[in-house]
Amino acid sequence: MGCNPAAIKEGWHNDTSGVRSALAMRPEILNPLFAEMTSLKGVGPALAKPMGRLGLERVVDALFHLPTGLIERLHVKEISDADVGRQIIVALTAQDYRASGSARAPFRINAYDRTGNHVSLVYFGRNSGWARKLFPLGEERIVSGKLERYGDMLQMIHPDQVVEPGKESEIDTREAVYPLSEGMSNVRMNDFVAQSLARAPDLPEWIGASVLARESWPGWREALATAHREPQEKSAHDRLSYDELFASQLAWLLIRQDVKKRRGRPVQGDGHLRDALKLPFALTGAQRRTISEIEGDMAQASPMLRLLQGDVGSGKTAVALMTLLNAVESGGQGAFLAPTEILARQHFETLSKMLAGLPVNIAILTGRDKGRAREATLMGLADGSINILVGTHAIFQEAVNYKDLAVVVVDEQHKFGVAQRLLLAQKGRLPPHMLVMTATPIPRTLLLSQYGEMDVSRLDELPPGRSPVETRVISVQRLGEVVDGLGRHLATGAQAYWVCPLIEESDKSDLAAAEDRAAVLRQRFGDIVGLVHGRMKGPEKDAVMARFASGELKLLVATTVIEVGVDVPNASLMIVESADRFGLAQLHQLRGRVGRGSAQSVCLLLRGENLSETAKARLALMRETNDGFRIAEEDLNLRGAGEILGTRQSGEAAYRLTTPEQLNRLLPVARDDARMLVEQDGGIESARGQAARVCLYLFERDAAVPLLRGG
């Protein structure tokens, strides 16, 4: 590969202080890839926003922003009907301008080629000055664009490139087509990618020799260049996908190995607190089985690392409480980590009610808690007088010290990275046991790729008395009928949610949509309508949620801040506007906010008119089943490349280079290869081990690196 692993090793710093120093240890060979995009020629402040929307902040982001297609342009001497529908490059001279008085009508330039054939160049938008500047009358220009027929006239709409004669070489005959956002042109994107590729170094080979020989894959740098040049070239794409999967599998393997190697402490409560619990319901068979699995893990000296998969409403909170009480009974402390402040406060209230009358001191800590209240909580944790702490990421900040942290329960794992999980693990006198809970089931292949280091429990049984939510799909054109039906529902004293659409470009638009809908509904129903959205300050949001939970507010209009964990049993109607814009996992989560009381609950999914096939399939599946495990599998099949656990779905994009098909096909090979490296190929001190370090940093699985150093 033309790269010396020893040279890589020299680029490592000698700091072994754990996760926080991981970034400081990045091999120097990768530094050019982690430079800001602004270090590229032509990237200024004006492009920061469109690039930000695409997730392009560093050079490596541009390298992993792969094209979806290819434009092939044909050089022609004259315009001909035979080329209609093709991208062509041709010399044209502007003859005259045709501007219309209407702002909506296009600006046209009549032009002719070197043999006198006429074509109309069409520009939409009010500013015709730019088009006039590109095409001075009587002067020849080299033009690239798609030739189309409009009536009996040939035309080009918005030619993509226009250059002066002699500069034809500036127009590529083959141009990769990239996903773009407003303000970013494909020509610019190609330029930035070309600059990024020029910075990509040759890296040492981390793939096992047997896998490489069997697959006949190119090296990393060659695969990257090919994937940008030939978007349909399977071998290059497979190589890059494999690299990404290998990095994740190696990271999980190292974490699991590290956890199992570290001595924790056996935790075995005597049951006096759990026996005294007065739950208003009997535990399901699935809950009892899971609690038994957790107790078995906690009784061992090596720390538990277990994933609890539960469908919506399957009773994960009760299992979490039993886990925390097991620790408290044995003299330790428990921490319950939630992804948002709304959820942390709700978990705190729910657990406090369940623990009423028991000698258990439970406290809450979020980023909002300041001053004396925060100091009192910190002191209580340090002296052991607080038994259970509920909170957001604030509970693993450096100032937070526990007397004896025995178990950590993490709700909604995907909101927390591996690094944060490792930081939490360092909080105990000995490494604490860890239970991670997911909000919705995860497909089998993603389980292996995202949670490869964990044992898995499933809550696949709903508590008795819960009837499935009835789901209906309704056209948005029947909005008036839906509002009338909502009125009848509210008149019975029941409550409802109205979730506003997800609008991709900016969160401001999400907010505007929710505010507008709330205003319209307030005109109809008055002050019983509340509004919550992600931009509200914590206390303000809590106040609205409390008024809804108490029944003072009957209708809650919201953006997706309510998608997880909100629990109001009297709310039995969920209306999701523009449901076709949501992913299956989100729709299933939103539907799970109702069906928590004794009344029959209904979920209305309002759809737009022009649905994609994927959107139709999603909505049909929601209508057909309430089974979250089935929905998870279908969701993976329906979503395309790069969208697996995408940011809008879950808060953390899992893979950028891997499609569901590649995940199924390549993941088992990557897992075996990672195991081979750790167990047989000389481990981390071998040349391949050094290369594997580079791979972990390249794909930002750095949290595993300190473990790899001790590997």
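Check the entry above for the structure.
Engineer: Quick rundown of the overall build of the chain? Include the residues and the values.
Structural biologist: When helices and strands are tallied, the chain shows 25 helices and 21 strands. Residues classed as buried in the chain amount to 55% of the 711 residues present. Pairs at least 24 residues apart make up 72% of the contacts formed inside the chain by residues separated by at least 6 positions. Working note: accessible area of the chain is about 30500 Å², and carbon and sulfur atoms make up 50% of it.

Engineer: Mind laying out the pattern of salt bridges, listing which residues take part and the relevant values?
Structural biologist: Evaluation of the coordinates by the stated rule reveals 38 salt bridges. One salt bridge connects E470 with R472, and the closest N-O pair in it is separated by 2.8 Å.

Engineer: Can you tell me about the side chain of Q287, naming the residues and giving the values?
Structural biologist: Its location among the elements puts Q287 in helix 10 (residues 285–298). Overall, the relative accessible area of 2% leaves Q287 in the buried class. Within the structure, the side chain of Q287 is placed 3.0 Å from the backbone oxygen of G315, a separation counted as a polar contact. Setting aside its immediate chain neighbours within four residues, Q287 contacts A282, S314, G315, A318, V319 and L459.

Engineer: Report on the packing of aromatic side chains, specifying residues and quantitative values.
Structural biologist: One pass over the structure, following the stated rule, counts 6 aromatic pairs. Between W217 and Y242, the aromatic rings sit 4.9 Å apart at their centres with planes inclined by 50 degrees, giving tilted as the arrangement. Placement of W217 in the loop between helix 6 (209–215) and helix 7 (220–229) and of Y242 in helix 8 (residues 234–261) is noted, with a sequence separation of 25 residues between them. The class of W217 is buried, set by a relative accessible area of 9%. When its relative accessible area of 0% is taken as the criterion, Y242 is described as buried. Judged by centre distance (5.2 Å) and plane angle (55 degrees), the ring pair of Y497 and F548 falls under tilted. Of this pair, Y497 sits in strand 17 (residues 495–499) while F548 sits in helix 18 (residues 538–550), and the two are 51 residues apart along the sequence. Among the residues examined, Y497 registers a relative accessible area of 0% and is labelled buried.

Engineer: Quick rundown of the packing of helix 12 (residues 341–354) against helix 18? Include the residues and the values.
Structural biologist: When two helices pack together, you describe them by how their axes are tilted relative to each other and by the distance separating the axes. Relative to each other, helix 12 and helix 18 sit at 50 degrees, their axes nearing to 10 Å. Classified by the angle their axes make, helix 12 and helix 18 are oblique. Helix 12 and helix 18 meet at a crossing whose hand is right-handed. Along the contact surface, helix 12 presents E341, I342 and R345, while helix 18 presents G538, K541, D542 and M545. Partitioned by chemical class, the residues of the contact of helix 12 with helix 18 number 2 nonpolar, 1 polar and 4 charged.

Engineer: Please set out the sheet that holds strand 21 (residues 602–607) residue by residue, giving values where relevant.
Structural biologist: Note: strands within a sheet are paired through backbone hydrogen bonds, in either parallel or antiparallel orientation. Across the sheet, which stays open at both edges, the 6 strands sit in the order 16-21-20-17-19-18 with parallel pairing between neighbours. Only two strands of the sheet have a single partner each, and these edge strands are strand 16 (470–475) and strand 18 (529–532). Across the sheet, the axes of successive neighbouring strands diverge by a mean angle of 20 degrees, strand direction being ignored. Relative to strand 21, strand 16 is paired through 6 bridges, and the arrangement is parallel. Looking at the pairing, E470 lines up with V602 of strand 21. Against the sheet, helix 20 (residues 613–624) makes contact with strand 16 and strand 21, and its axis sits at roughly 145 degrees relative to strand 16, the strand it touches most.

Engineer: Kindly report on the pairing of strand 1 (residues 69–75), identifying the contributing residues and their values.
Structural biologist: Across 4 bridges, the pairing between strand 1 and strand 8 (residues 174–177) is antiparallel. Residue pairing in the sheet places L70 in a bridge with A176 of strand 8. One ladder, built from 3 bridges, connects strand 1 with strand 2 (residues 87–98); its direction is parallel. Its bridge partner being in strand 2, L74 is matched across the sheet by I88.

Engineer: Explain the sheet that holds strand 10 (residues 333–337) to me, using residue names and the numbers behind them.
Structural biologist: Spatially, the 7 strands line up as an open sheet ordered 11-12-10-13-14-9-15, and their pairing is parallel. Looking at the sheet topology across the chains shown, the edges are occupied by strand 11 (362–365) and strand 15 (455–459). Here the strands of the sheet are splayed against their neighbours by 20 degrees on average, with no regard to which way each runs. In the sheet, strand 11 pairs with strand 12 (residues 388–391) via 4 bridges, with the strands oriented parallel. Note on strand 12: the bridge partner recorded for I362 is I388. Against the sheet, helix 13 (residues 371–383) touches strand 10, strand 11 and strand 12, its axis set at about 130 degrees to strand 11.

Engineer: I'd like to hear about unusual backbone geometry, residue by residue, with values.
Structural biologist: Unusually for a residue other than glycine, S216 sits at a positive phi of about 55 degrees. Structurally, S216 can be placed in the loop between helix 6 and helix 7. With relative accessibility at 57%, the residue S216 sits in the exposed group. One non-glycine residue, S578, adopts positive backbone phi at about 50 degrees. One can find S578 in the loop between strand 20 (571–576) and helix 19 (584–591). Judged by its relative accessible area of 17%, S578 is buried.

Engineer: Let's hear about the environment of A301: which residues, and what values?
Structural biologist: If you trace the backbone, A301 turns up in the loop between helix 10 and strand 9 (305–310). Using a relative accessible area of 18% as the deciding quantity, one classes A301 as buried. Once the C-alpha coordinates of A301 and R262 are considered, the two residues, 39 residues apart in sequence, prove to be 8.8 Å apart. Beyond its immediate chain neighbours, meaning those up to four positions away, A301 contacts R263, G264, R265 and P266.

Engineer: Go over the pairing of strand 13 (residues 405–411) with me, naming the residues and quoting the values.
Structural biologist: With 7 of 7 residues buried, strand 13 is to be regarded as a mostly interior element. Of the pairings in the sheet, the one linking strand 13 to strand 14 (residues 433–438) comprises 5 bridges and is parallel in character. The residue of strand 14 that forms the bridge with V407 is H433.

Engineer: Describe the nonpolar core, and please don't skip the residues or the numbers.
Structural biologist: Grouped together as the largest cluster of nonpolar side chains are 60 residues, with contacts concentrated most on L33, W206, W220, F246, L250 and L698. Breaking this core down by element, the ones donating at least two residues are helix 3 (59–63), helix 5 (186–199), helix 7, helix 8, helix 23 (660–679) and helix 24 (687–698). If you tally residues by element for this core, the top one is helix 8, at 9 residues. Among all residues touching W206, those that are not within four sequence positions of it are W220, R239, D243, F246, R688, A691, A692, V694, C695 and L698. Listed in part, the 33 residues of the second largest apolar core include M298, L308, A327 and F336.

Cut-off values and rules
Residues numbered from 1 in each chain as written. Predicted model: local features only at pLDDT ≥ 70, side-chain atom pairs only at ≥ 80, totals over all residues. Heavy atoms only, no water. Helix = DSSP H or I, 4+ residues; strand = E, 2+ residues; numbered from the N terminus. Buried < 20%, exposed > 50% of the residue type's maximum accessible area, 1.4 Å probe, protein only. Contact = heavy atoms within 4.5 Å. Areas by Shrake-Rupley, 256 points an atom, 1.4 Å probe, with all protein chains shown as cover. Salt bridge = Lys/Arg side-chain N within 4 Å of Asp/Glu carboxyl O. Polar contact = N/O pair within 3.5 Å; in protein donor to acceptor, adjacent residues only side chain to side chain. Phe/Tyr/Trp six-rings, centres within 6.5 Å; stacked < 30°, edge-to-face > 60°. Axes fitted to C-alpha atoms, helices over the stretch in contact; angles between N-to-C directions. Parallel < 35°, antiparallel > 145°, perpendicular 65-115°, else oblique. Left-handed = near helix turned anticlockwise from the far one by under 90°. Nonpolar A, V, L, I, M, F, W, Y, C, P; charged D, E, K, R; others polar. Pairing = 2+ DSSP bridges. Core = buried A, V, L, I, M, F, W, Y, C linked by side-chain atoms within 4.5 Å.

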